[in-house]
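Working through the structure, step by step
Here is how the chains run, residue by residue.
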Protein chains: 2
Amino acid sequence: MLKWYEEKEANNDIVISSRIRLARNLDKYPFSSIMDEKEAKELVEEVKPLTQVIAEKEDKPYYSCNINTLSDMDKTAMLERHILSPDLANKNQPAGIIISEDESVSIMINEEDHIRIQSIAAGLNLTKAYEMANRIDDITNEELNYAFDKKYGYLTSCPTNVGTGMRASCMMYLPALTSAKMIPKLIEELAKFGATIRGTYGEGTKSLGTIYQISNQKTLGASELEIIDNLNRLVLQVIRHEHKRREYVLSINHDELEEQVYRAYGILKYSRQISSEDAMTLLSQLKFGTDYKLLYLKKDLNIHQLMMEIQPGSIQWKIGKTVGRSTRNKMRAEFIRKTLPEIK
Amino acid sequence: MLKWYEEKEANNDIVISSRIRLARNLDKYPFSSIMDEKEAKELVEEVKPLTQVIAEKEDKPYYSCNINTLSDMDKTAMLERHILSPDLANKNQPAGIIISEDESVSIMINEEDHIRIQSIAAGLNLTKAYEMANRIDDITNEELNYAFDKKYGYLTSCPTNVGTGMRASCMMYLPALTSAKMIPKLIEELAKFGATIRGTYGEGTKSLGTIYQISNQKTLGASELEIIDNLNRLVLQVIRHEHKRREYVLSINHDELEEQVYRAYGILKYSRQISSEDAMTLLSQLKFGTDYKLLYLKKDLNIHQLMMEIQPGSIQWKIGKTVGRSTRNKMRAEFIRKTLPEIK
């Protein structure tokens, strides 16, 4: 079964993925932050059987596991692919996860909230992601009772999530706005419309390979569809800005950009050891080059998929053991060399 | 006929070439610096017929021309290949040149001195270069009367050349000493032994691609063979220093150097436009990598020959017309792409 990011439509030139996250709590347990060990264990055991129910109703494979059975390497690889959150990975109490084989849906158990349903769709497709999350939410609600208040909506551990309990986000690739240093201005503008933009690995992290996540701030006072519609409009505006800037940069610097793209390809094609930071920057430049037809590859290449596969955890996952940075850098370079198609 | 730099023995890993230059003046003319237009013209016309005599005695093709018949492009290409000196190229008075087809011998007429005989041999081979220059000098002296003083030796326009009138030099590739910032120290050391080191394009020029020229300072008070012997010993010492430093650097930084070499290859292999400065630096790194077996090419490559062929003048010479910098950069990149063999 293809992973979500292996799907063709993932090759949107600016929006890599659309994601919906729903925060839910069960009425019979205290919030995760004040839960004791025994209650946490009960919660996990009560939610895990959902796996079979969802698998049947959705008619595709789902798996579950307890977080404490995962090795550090597994956790890192899952973090890199956004299946796990850092909070869940580092949880001291019993916690669990349910994931679909294609990794488009994951349900975290006993993270900040009892249940966090997350769904991802390739490209700009918040509606598809929302429909997935919504179906899982309905199935879950048939089996378990949510903590819900008629006035406030879904009750959540952190007040910023009360209401719909929903966060919608898009992962966007913004090299032109980044190199024009227009991201701080964008942060200001988006804040006025209730949205936020940050590096791909969560709040406060710096953006790797000029990839950002744009998401709604408020969860209360608007319906799910209004939130999605608002974010969708904002994302379309950012796309226009990025496109405009790319065209401007191309019009004044075509030759320099072309050269940068070819050099990036040359380095990636012949490197013997490369850090994930260097690789992300060069792959970003290569993506820009293929999107803007500065360079043609002989075969299609899903660069975003490659970006995920070369993260430290994923590299180690492939060989099934933990290795040092220098070995990882060599394996990463070898994997990239083998994966990159020739150029036309 | 192969150019001297196309010969196999040019592939010495440190000494690219050995060169001898003899400064000579004819007794019947005033020195070049105080000569009038008419005398300069007479000098050129008197020396030029030497071409046939030398060609016959040496049994290989020689050509001659007046400098004012050369285009700027021709001059640039000849400067880059050290056939011409900047002084001769920019001369306002009549001046000429005689060169052998393999470019191993050139005789400049009315440069700083009336006659400057220059000979080049590949690798460290000052004796071979000296024997060539000496033969040409003997032939010339049979035809023309030199200004010679029993006490001082050959009389020259500049007093620093009086005596043997000889300058011996070696072009050396010193990347390890350069990156260790050991060149200033080397300059000091060599000065103590009457030798000087400078960038390849003459005094005060900065070294391109970490290539330097080491030559004797004094021309008076020692015989030609003593000068050659002294320089030879100094060059052998510099070779030892460079080798030692390379081995040290390789022992502590093998992986980083290997990566640098592969990246250099990757950029050269895919670049679409490259300045001569960038190309020289990357080709130097590639040369280091092939010399030290960090990277294997599928076919032999004379990197020093390639370095000469990608200089601005040589690039334009190939197509027979003057073009702007940006076009040259594109042609240079294309030429390098086509010339570089694949790696094993």
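Refer to the structure presented above.
All of the points below concern the structure found in this document. (Residues numbered from 1 in each chain as written. Chains lettered and ligands numbered in written order. Predicted model: local features only at pLDDT ≥ 70, side-chain atom pairs only at ≥ 80, totals over all residues. Heavy atoms only, no water.)

1. A word on the overall build of chain A
A tally of helices and strands in chain A yields twelve helices and ten strands. Taken against the 2.2 N^0.38 rule, which gives 20 Å for 344 residues, the C-alpha radius of gyration of chain A at 21 Å falls within 12% of a compact globule. Along the three orthogonal principal directions, the C-alpha set of chain A runs to about 65 × 45 × 35 Å. A total of 344 residues make up chain A; the buried ones form 57% of that total. Accessible surface computed for chain A: about 15,400 Å², of which carbon and sulfur atoms make up 50%. Side chains of chain A carry 47 positive and 49 negative charges; the gap between the two charge centres is 6 Å. (Helix = DSSP H or I, 4+ residues; strand = E, 2+ residues; numbered from the N terminus. Rg over C-alpha atoms; globule rule 2.2 N^0.38 Å. Buried < 20%, exposed > 50% of the residue type's maximum accessible area, 1.4 Å probe, protein only. Areas by Shrake-Rupley, 256 points an atom, 1.4 Å probe, with all protein chains shown as cover. Lys, Arg positive; Asp, Glu negative; His and termini not counted. Charge placed at Lys NZ, Arg CZ, Asp CG, Glu CD.)

2. Quick word on the packing of helix α8 (residues 224-270) of chain A against helix α9 (residues 276-291) of chain A
Residue and element names in this part refer to chain A. Put simply, α8 and α9 touch, their axes get as near as 8 Å, and they point 125 degrees apart. It follows from the interaxial angle that α8 and α9 lie oblique. As for how α8 packs across α9, the hand of that crossing is left-handed. For the pair α8 and α9, contact is made by Arg246, Leu250, Leu257, Gln260, Val261, Ala264, Tyr265, Ile267 and Leu268 and by Ala279, Leu282, Leu283, Gln285, Leu286, Phe288, Gly289 and Asp291, respectively. The residue inventory of the contact of α8 with α9, partitioned by class, reads twelve nonpolar, three polar and two charged. (Axes fitted to C-alpha atoms, helices over the stretch in contact; angles between N-to-C directions. Parallel < 35°, antiparallel > 145°, perpendicular 65-115°, else oblique. Left-handed = near helix turned anticlockwise from the far one by under 90°. Contact = heavy atoms within 4.5 Å. Nonpolar A, V, L, I, M, F, W, Y, C, P; charged D, E, K, R; others polar.)

3. Thoughts on the environment of Arg325 of chain B
Residues and elements named next belong to chain B. Examined against the element boundaries, Arg325 turns out to sit in helix α12 (residues 325-339). The exposure class assigned to Arg325 is partly exposed, which follows from its relative accessible area of 47%. Arg325 sits 51 residues away from Ile274 along the chain, and the two C-alpha atoms are 9.8 Å apart. If we skip the residues at most four places from it in the chain, Arg325 touches Ser275 and Glu277.

4. Focus: the packing of helix α2 (residues 50-58) of chain B against helix α5 (residues 126-143) of chain B
Residues and elements named next belong to chain B. The contact between α2 and α5 brings their axes to 10 Å, and the two run at 130 degrees. Accordingly, the angle class assigned to the pair α2 and α5 is oblique. Relative to α5, the crossing made by α2 is right-handed. Residues Leu50, Val53, Ile54, Lys57 and Glu58 of α2 pack against Arg135, Ile136, Ile139, Thr140, Glu142 and Glu143 of α5. A per-class count over the contact of α2 with α5 returns five nonpolar, one polar and five charged.

5. A word on the sheet that holds strand β1 (residues 15-24) of chain B
Residues and elements named next belong to chain B. Reading across the sheet, the eight strands line up as β2-β3-β4-β5-β1-β8-β10-β9 and stay open at both edges, with antiparallel pairing between neighbours. The sheet terminates laterally at β2 (62-66) and β9 (195-199), the two strands that pair on one side only. Taken over all neighbouring pairs, the strand axes of this sheet differ in orientation by 20 degrees on average, direction set aside. Sheet analysis places β1 next to strand β5 (residues 115-122), joined by eight bridges and oriented antiparallel. What sits directly across from Ser17, in β5, is Ala122. Lying on the sheet, helix α1 (residues 37-47) is in contact with β2, β3 (96-100), β4 (105-109) and β5; it crosses β4 at an angle near 150 degrees. (Pairing = 2+ DSSP bridges.)

6. Section: the nonpolar core
Ranked by size, the top nonpolar core spans 68 residues in total, and within it Leu286 of chain A together with Leu286 of chain B carry the most contacts. If we skip the residues at most four places from it in the chain, Leu286 of chain B touches Val261, Tyr265, Leu268, Leu295, Ile303 and Leu340 of chain B. (Core = buried A, V, L, I, M, F, W, Y, C linked by side-chain atoms within 4.5 Å.)

7. Points about the relation of the copies chain A and chain B
Relating one copy of the chain to the other requires a rotation about an axis plus a shift along that axis. Aligned on chain B, chain A shows an RMSD of 0.1 Å; the corresponding rotation is 180 degrees and the shift along the axis is 0.2 Å. On this basis, the relationship between the two copies can be described by a two-fold rotation axis. Proximity to the rotation axis, assessed at the C-alpha, singles out Gly266 of chain A in chain A; its C-alpha lies 2.0 Å from the axis. Taken as a fraction of all interface residues of chain A, those also at the interface in chain B reach 100%, which identifies the copy contact as same-surface. (Least-squares fit on C-alpha atoms with pLDDT ≥ 70 in both.)

8. Remarks on the interface of chain A and chain B
Counting residues at the interface gives 19 residues for chain A and 19 residues for chain B. Of the roughly 1,800 Å² buried where chain A meets chain B, counting both sides, 50% is carbon and sulfur surface. Taken as a group, Arg263, Tyr270 and Arg272 of chain A account for 38% of the area that chain A buries against chain B, more than any other trio of residues on that side. Where chain A packs against chain B, one counts four salt bridges. Put simply, Asp255 of chain B and Lys330 of chain A hold a salt bridge, and the shortest N to O gap is 2.9 Å. Counting the contacts that link chain A with chain B gives twelve residue pairs in polar contact (both at pLDDT 80 or more). Per element, the largest residue contribution to the side of chain A that touches chain B is eleven residues, and it comes from α8 of chain A. (Buried area = accessible area lost by both parts, 1.4 Å probe. Salt bridge = Lys/Arg side-chain N within 4 Å of Asp/Glu carboxyl O. Polar contact = N/O pair within 3.5 Å; in protein donor to acceptor, adjacent residues only side chain to side chain.)

9. Topic: the packing of aromatic side chains
Here a ring pair, both rings aromatic, is described through the centre-centre distance and the interplanar angle of the planes. The final tally for this structure, using the stated rule, is nine aromatic pairs over all chains. Judged by centre distance (4.9 Å) and plane angle (70 degrees), the rings of Phe148 of chain B and Tyr154 of chain B are edge-to-face. What makes Tyr154 of chain B buried here is its relative accessible area of 15%. Put simply, the rings of Tyr265 and Tyr270 of chain A together with Tyr265 and Tyr270 of chain B touch in pairs and so form one group of aromatic residues. Lying across the ring of Tyr154 of chain A, Arg24 of chain A places its NZ or CZ 3.5 Å from the centre. (Phe/Tyr/Trp six-rings, centres within 6.5 Å; stacked < 30°, edge-to-face > 60°. Lys NZ or Arg CZ within 6 Å of the ring centre and 35° of its normal.)

10. Examining the sheet that holds strand β10 (residues 211-216) of chain A
Either a parallel or an antiparallel arrangement is found when strands of a sheet pair, and the pairing is made through backbone hydrogen bonds. Residues and elements named next belong to chain A. In space, the eight strands of this open sheet follow the order β2-β3-β4-β5-β1-β8-β10-β9, with antiparallel pairing throughout. Every interior strand has two partners, whereas the edge strands, β2 (62-66) and β9 (195-199), have only one. Strand-to-strand, the axes of this sheet are offset by a mean angle of 20 degrees, without reference to chain direction. As judged from the five bridges shared by β2 and strand β3 (residues 96-100), these two strands associate in the antiparallel manner. Residue Asn66 lies in a different strand from β3, and its bridge partner there is Gly96. Relative to strand β4 (residues 105-109), helix α1 (residues 37-47) is tilted by about 150 degrees, and along the sheet it contacts β2, β3, β4 and β5 (115-122). Along the sheet face, α8 touches β1 (15-24), β8 (166-173), β9 and β10 and points at about 10 degrees away from the line of β8.

11. Examining the pattern of salt bridges
Going through the model one piece at a time under the given rule, you end up with 38 salt bridges over all chains. The shortest N-O distance in the salt bridge between Glu112 of chain A and Arg116 of chain A comes to 3.5 Å. Owing to a relative accessible area of 8%, Arg116 of chain A belongs among the buried residues under this scheme. Between Arg116 of chain B and Glu111 of chain B there is a salt bridge, and its shortest N-O distance comes to 3.4 Å. Sharing partners across several salt bridges, the network here consists of Glu111, Glu112, Asp113 and Arg116 of chain A.

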